[in-house]
Amino acid sequence: MKFIVSILLIALLSFLSGLYLPWWGIALAAALISVLIQQRPGMAFLSGFLALLLLWGAMAWGIDGANNSILSKKIALILPLGGNSLLLILVTALVGALVGGSAALTGSYLKKLL
Amino acid sequence: MRIVPFFLSFLLTVGLIFVLNTQWGAVPPVGKFLSPQHGCWQNAESVDKDFSATLSFPDLKEKARVCFDEHLIPHIFASNEEDACYIQGYLHAKFRLWQMEFQTHAAAGRLSEILGAGPGNGYLKYDREMRRLGMVYGAEKTLLEIEKDSTTKKDCDAYTAGVNAWISNLKESDLPIEYKLLNYRPEPWSNLKIALFMKNMAYDLAGSDEDFELTNAKALFSKEDFAKLYPTRQDSADPVFPRSMAYLSPGLPVKAPATADSLYFNNTDSVTVREVKPEKNNGSNNWAVSGKKTQSGRPILCNDPHLGTNLPSIWYEMQIRTPEFNTYGVSFPGAPYIVIGFNDSCAWGITNAGRDVRDYYSIHFKDTTRREYRFKGDWKAADQRIETIKIRGEADFIDIVSYTVFGPVMYDRTFTGLSTTPTEQAYAVHWSANDPSNELAVFSHLRSAKNYDDYKHAIRYLSTPGQNIVFAAKSGDIAIWQQGQFPAKWKEQGAFVMPGTDSSYMWQGNIPADENPYMLNPDRNFVSSANQLASDTSYPYFLGSSYPIYRGKIINRKLEKYNSITVKDMINMQTDNYDLFAEMARPILLKYIDVSQLSPDEQKYLGMIRAWRLRNDPEERGPTIFKLWWSKLEKGIFDDEFSVTTLPMMRPYESTLVEALLKDSAYKFVDNIHTPGKETLAQVVTEAFKNAVPEIAQAEKEDRLEWAKYKDTWARHLLRLPAFSRMHLPIGGGTHSINAAKQFHGPSWRMIVHLTNKTEAYGVFPGGESGNPGSPYYDTFIDHWVEGKYYPLWVMEQDELKDKRVKWTMIFNK
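Model, not experiment: these values are computed from the prediction.

**A few points about the overall build of chain A**
At step 1: Per the secondary structure count, chain A includes 5 helices and 0 strands.
At step 2: When the helices and strands of chain A are placed in sequence order, the string is α-α-α-α-α.
At step 3: Dimensions of chain A along its principal axes, counting C-alpha atoms only, are 50 × 25 × 25 Å.
At step 4: Taking the contacts inside chain A whose residues are at least 6 apart along the sequence as the reference set, 71% of them involve residues at least 24 apart.

Here you go:
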């Protein structure tokens, strides 16, 4: 339960941070929620990881659909992804997930210190 | 000890963010770039995007409205010209900001700032060329002129304010994708940037010269050989202004200096520096036919400017309506007004005049400080201008340029252009674009031109680049002027580097505008130009000799023949793929090929070019074979003479070779000077064919023998990224066809205007209104352009604001 709530809150706060802060605001969001909701470090990492995987993945996927994949095909050629839109969405999601997971982990260790 | 895991994970997180927020080589900061709320995803425009908006700008004088049609073409309805310019600036910025800034950075020699010094310092060299040519210097002088004219000052101030209204409201996530890829931000716009943009066009169209190359040819070849390689007159030329025209006696008689023979014509100094050159194919077609030749009885005007087929397109299509004027046409993102188009009374179009307005003078500095130079027997002080070139990721480069009475010393021991040979020579450039002028006034006046006199008055503001401006009015008048500020030159002045030790070789004045060639309602009932020579030798001033021939010739041949002309005829003509050069040259190839020397495979290809009907249509194989064969023939004929030197040289024009061979098959250069025997034309033609066949066969193997596939026309992104370009466009045509579509260059806008009571007009360009590669409007018109189709141009009326063709409306409140 804590796990699910943690994922949802990290995703929501990350989204809100994106409206006002640069892209790394997601790290602040993940860290903050991890401080507020205590979990084992492994679970904290997973919460942050999945939250951003889902948030960034879903946003990219939604934008891509509305755009008929016009841009993603092109970006996936400029980056070495063979013009594959899905791959670009996946990479996007992974990048966010790594930062989110790492930040959540940091937050959970910080909580343990306090 | 619990601090350790925290500390480590903290370092990991911060490290990860740092890595993902930093540019590594050419890779943009990945985290920033991929963030769905900040990065490239924000440029992935929804195909259902609603462009309607209500905006408020206190700078506006009154309310205004922009109606967008389904192609995202804006129709501006403003109550005064300044608001119209403000909104034009705003729209240019909204849809094309990156391109505007990139092009003006290029003009200002600031590419290194964005891209770094480049492979082999290529971008740095380019930037130094632009600075030393005086691009910024010239733009500063033009800016003074723009601001002396109260109309252009008002309009530019408004335009700049409109652009900045967009820029200042830009959030990071809204930046065009190229900024995100290259990881930089736009800077505020200014009137100077408008002037720089105009200088960029001047460079593209009037920045060409071959002075160094011809000076070297003069040093290498005898006088007789030089005349055979670079004849001053092409017999087959069909000038813009017919040979029958009479000209006024020159108001400015010019005379060569007494030292011309010894110091100039017979001088054999050579030049090692190498210029960066503008695209030499920048040119165009235009023509207007009088109502006496049309079915409707009303004139038809046609224009297709030939520029780089870039993405974002060099042009932005729009309509601008105020109570004073109603114009439709194409504009330059980076400057106000409509540049090619029409209003309620008349239409206009432009082609490049191609006159030589860039000359070099040999300079002798006193010492390596370059502070003084020899002039009229004394040491004269040079003004030194410090150019600071910022280089991304490196220290600034400081370039010190000496300015003489002739102009900036563009090349000297500190800068040799693209050459790597050190030199003690120095060359000052005199370029007419560095003289004060206000080209924008041409367009500020044309927009409300009602008749021939208004047009004539408007075009007088054009200095550089000189253009052939064609005109047609609903009243029935058609006209063409070759207008610009052209130096009055004596024969061959400026063809070579000139002595700069005194003033005797300077330009003696400008040709008075009234003495520029023109035609108004000529007997032949049409006017036309395709960058060919303006006139034959009866014109009393030196015109130079480097002009293309064949498009002008085929255009005139058709227009002379045609009657009862319709718009459809003009569409067919503008997209015509017939190759007049091939018509003249192929008979030579077919006459002299020795079939007995050919293998069955080679004969197969010979059969293809024999059967070719001389049209550069997309699926034809003849054009490819012809091009390869002719280029091998040129190499076979000229390589031996030219390969003796590594100095910058210019090969003779195609027209020179074809005319020489048609006149005399024993053309001197046919012989290979490195062999003991004397080659014949038959040998050389046959050998050229046999040399071409392996490439022809290879192309056939790779399924590239068909002309469109071989030519491989692109609409190419300014950063040359294939992903942002449209490649392999199946369009025919070529250098010598009216449809001048080459690989990266061609008809950047095609326009046909029928001057009926309610103007009937058609247009198309190889791009789209949006400069965003993520937008469905990025390349809207390309397929039509490829297929030779046109769109009817909708000149919106005041009462059509609620027409169902209006898809979105932007309301501008003050």
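From this point, things continue past the structure.
**Considerations on the overall build of chain B**
At step 1: Assigned secondary structure in chain B consists of 23 helices and 29 strands.
At step 2: Taken over C-alpha atoms, the radius of gyration comes to 28 Å for chain B, in line with the 28 Å a tight globule of 814 residues would show.
At step 3: When its C-alpha atoms are laid out on the principal axes, chain B stretches across 90 × 80 × 65 Å.
At step 4: Taken across its 814 residues, chain B has 54% of its residues classed as buried.
At step 5: In chain B, once contacts between residues fewer than 6 apart in sequence are set aside, the share between residues at least 24 apart is 71%.

**Concerning the sheet that holds strand β18 (residues 467–473) of chain B**
Residue and element names in this part refer to chain B.
At step 1: Pairing in this open sheet of 11 strands is mixed, and the strands run β1-β29-β2-β3-β7-β8-β9-β10-β18-β19-β21 from one edge to the other. The open sheet is flanked by β1 (53–56) and β21 (518–520), the only strands paired with a single partner. Taken over all neighbouring pairs, the strand axes of this sheet differ in orientation by 15 degrees on average, direction set aside.

**Things to note about the nonpolar core**
At step 1: By size, the foremost hydrophobic cluster in this structure holds 224 residues, and its most contacted members are B:Ile87, B:Ala288, B:Ile300, B:Tyr427, B:Phe471 and B:Trp629.
At step 2: With residues up to four places along the chain from it excluded, the contact list for B:Phe471 reads B:Ala288, B:Cys346, B:Trp348, B:Tyr452, B:Tyr455, B:Ile478, B:Ala479 and B:Ile480.

**What to know about the interface of chain A and chain B**
Accessible area lost during the coming together of the parts is what is often quoted as the interface size.
At step 1: Chain A puts 33 residues into the contact, and the matching count from chain B is 34 residues.
At step 2: At the level of secondary structure, the elements contributing two or more residues to the side of chain A that touches chain B comprise α3 (41–66), α4 (70–78) and α5 (85–113) of chain A.
At step 3: In terms of residues, the side of chain A that touches chain B owes the most to one element, α5(A), which gives 13 residues.
At step 4: Broken down by class, the residue content of the side of chain A that touches chain B amounts to 23 nonpolar, 7 polar and 3 charged.

**A word on the sheet that holds strand β24 (residues 726–729) of chain B**
At step 1: An order of β6-β23-β24 (chain B) is seen for the 3 strands of this open sheet, with the pairing classed as mixed. Two strands close off the open sheet at either side, each with one partner strand: β6 (310–311) and β24 of chain B.

**Here we look at α4(A)**
At step 1: Counting buried residues in α4(A) gives 7 out of 9 residues, a clear majority hidden from the surface.
At step 2: Lining the buried residues of α4(A) we find α3 and α5 of chain A.

**Here we look at the environment of B:Lys154**
Residue and element names in this part refer to chain B.
At step 1: In this structure, Lys 154 sits in helix α7 (residues 150–168).
At step 2: Residue Lys 154 is classed as partly exposed on the basis of its C-beta count, with 16 C-beta atoms lying within 10 Å.
At step 3: A C-alpha to C-alpha distance of 17 Å links Lys 154 and Ile 320, two positions 166 residues apart in sequence.

**Some details on the packing of helix α1 (residues 2–20) of chain A against α3(A)**
All names here are of chain A.
At step 1: Two elements in contact, α1 and α3, have axes whose closest approach is 8 Å; the angle formed by their N-to-C orientations is 50 degrees. In terms of axis orientation, α1 runs oblique to α3. Judged by the sense of rotation from one axis to the other, the crossing of α1 with α3 is right-handed. Packed against α1, whose contacting residues are Phe 3, Ser 6, Ile 7, Ile 10, Ala 11, Ser 14 and Phe 15, the element α3 presents Met 43, Ser 47, Gly 48, Leu 50, Ala 51, Leu 52, Leu 54 and Leu 55 at the interface.
At step 2: Residues belonging to the contact of α1 with α3 are distributed by class as follows: 11 nonpolar, 4 polar and no charged.

**A look at the packing of helix α2 (residues 25–36) of chain A against α3(A)**
Residue and element names in this part refer to chain A.
At step 1: For the pair α2 and α3, interaxial distance at closest approach is 10 Å and the crossing angle is 140 degrees. One element, α2, and the other, α3, form an angle in the oblique class. Here α2 runs over α3; the crossing is right-handed. Where α2 approaches α3, its residues Ile 26, Ala 30 and Ser 34 are matched on the opposing element by Ala 44, Gly 48, Ala 51 and Leu 52.
At step 2: Taken together, the residues that form the contact of α2 with α3 break down as 5 nonpolar, 2 polar and no charged.

**Observations regarding the pairing of strand β12 (residues 372–375) of chain B**
On a regular strand, each side chain points to the face opposite its neighbour's, so the side chains alternate between the two faces of the sheet.
Residue and element names in this part refer to chain B.
At step 1: Across 4 bridges, β12 lies against strand β13 (residues 378–381) in antiparallel orientation. Residue pairing for β13: Arg 374 is matched across the bridge by Trp 379.
At step 2: In sequence, β12 turns back onto β13 through a hairpin of 2 residues, with Lys 376 there showing a positive phi of about 55 degrees.

**Regarding helix α5 (residues 122–133) of chain B**
Residue and element names in this part refer to chain B.
At step 1: The end-to-end C-alpha separation of α5 is 16 Å, in line with the 16 Å expected for 12 residues at 1.5 Å each.
At step 2: Among the 12 residues in α5, 10 count as buried, and that is most of the element.
At step 3: For α5, the complete set of buried residues consists of Tyr 123, Leu 124, Lys 125, Asp 127, Arg 128, Glu 129, Met 130, Arg 131, Arg 132 and Leu 133.
At step 4: Immediately downstream of α5, the backbone of Gly 134 shows phi near 90 degrees, a positive value.

**Section: the environment of B:Leu311**
Residue and element names in this part refer to chain B.
At step 1: As for its position among the elements, Leu 311 is in strand β6.
At step 2: Residues Leu 311 and Ala 715 lie 404 residues apart in sequence; the distance between their C-alpha atoms is 6.0 Å.
At step 3: Not counting the four nearest positions on each side in its chain, Leu 311 is found in contact with Ala 715, Arg 716, His 717, Phe 724, Ser 725, Gly 767, Tyr 778 and Asp 779.

**Thoughts on the pairing of strand β8 (residues 326–331) of chain B**
Residue and element names in this part refer to chain B.
At step 1: In terms of burial, β8 is largely enclosed, as 6 of its 6 residues are buried.
At step 2: With 6 bridges connecting them, strand β7 (residues 316–321) and β8 associate as antiparallel partners. Note on β8: the bridge partner recorded for Tyr 316 is Ser 331.
At step 3: Hairpin connection from β7 to β8: 4 residues lie between these consecutive antiparallel strands.
At step 4: In this sheet, strand β9 (residues 340–342) lies alongside β8 in antiparallel orientation, the contact comprising 3 bridges. Bridging across to β9, Val 330 finds its partner in Ile 340.

About the cut-offs
Each chain carries its own residue numbering, running from 1 in the direction its sequence is written. Here chains are named by letter from A upward and ligands by number from 1 upward, in the order in which they appear as written. A pLDDT threshold of at least 70 governs which residues receive local features in this predicted model, and a stricter bar of 80 or more applies before side-chain atom pairs are shown or counted, although totals over entire chains, interfaces and linings include all residues. Think of it this way: any DSSP run of H or I at least four residues long counts as a helix, any run of E at least two long counts as a strand, and we number them from the N terminus. By the convention adopted here, residues are in contact when the distance between their C-beta atoms, placed from the backbone, does not exceed 7 Å. Here the globule rule reads 2.2 Å times residues to the power 0.38, and the radius of gyration is calculated from C-alpha atoms. Think of it as a crowd count around each C-beta: if 20 or more other C-beta atoms lie within 10 Å the residue is buried, if 12 or fewer it is exposed, and in between it is partly exposed, with C-beta placed from the backbone throughout. If DSSP finds at least two bridges between two strands, the strands pair. Lines are fitted to the C-alpha atoms to define the axes, a helix being fitted only along its stretch in contact, and any angle between axes, read from their N-to-C directions, falls within 0 to 180 degrees. Put simply, a nonpolar core is buried Ala, Val, Leu, Ile, Met, Phe, Trp, Tyr and Cys residues tied into one set by C-beta atoms within 7 Å. As a working rule, the residues Ala, Val, Leu, Ile, Met, Phe, Trp, Tyr, Cys and Pro are called nonpolar, Asp, Glu, Lys and Arg charged, and the rest polar, with Gly in that last group. The scheme is simple: roughly parallel for angles under 35 degrees, roughly antiparallel for over 145, roughly perpendicular for 65 to 115, oblique for anything else. Crossings are sorted by hand: turned counterclockwise from the far helix by less than a right angle, the near helix makes the crossing left-handed, and turned clockwise it makes it right-handed. Take the residue count of a helix, subtract one, and multiply by 1.5 Å to get its expected span.

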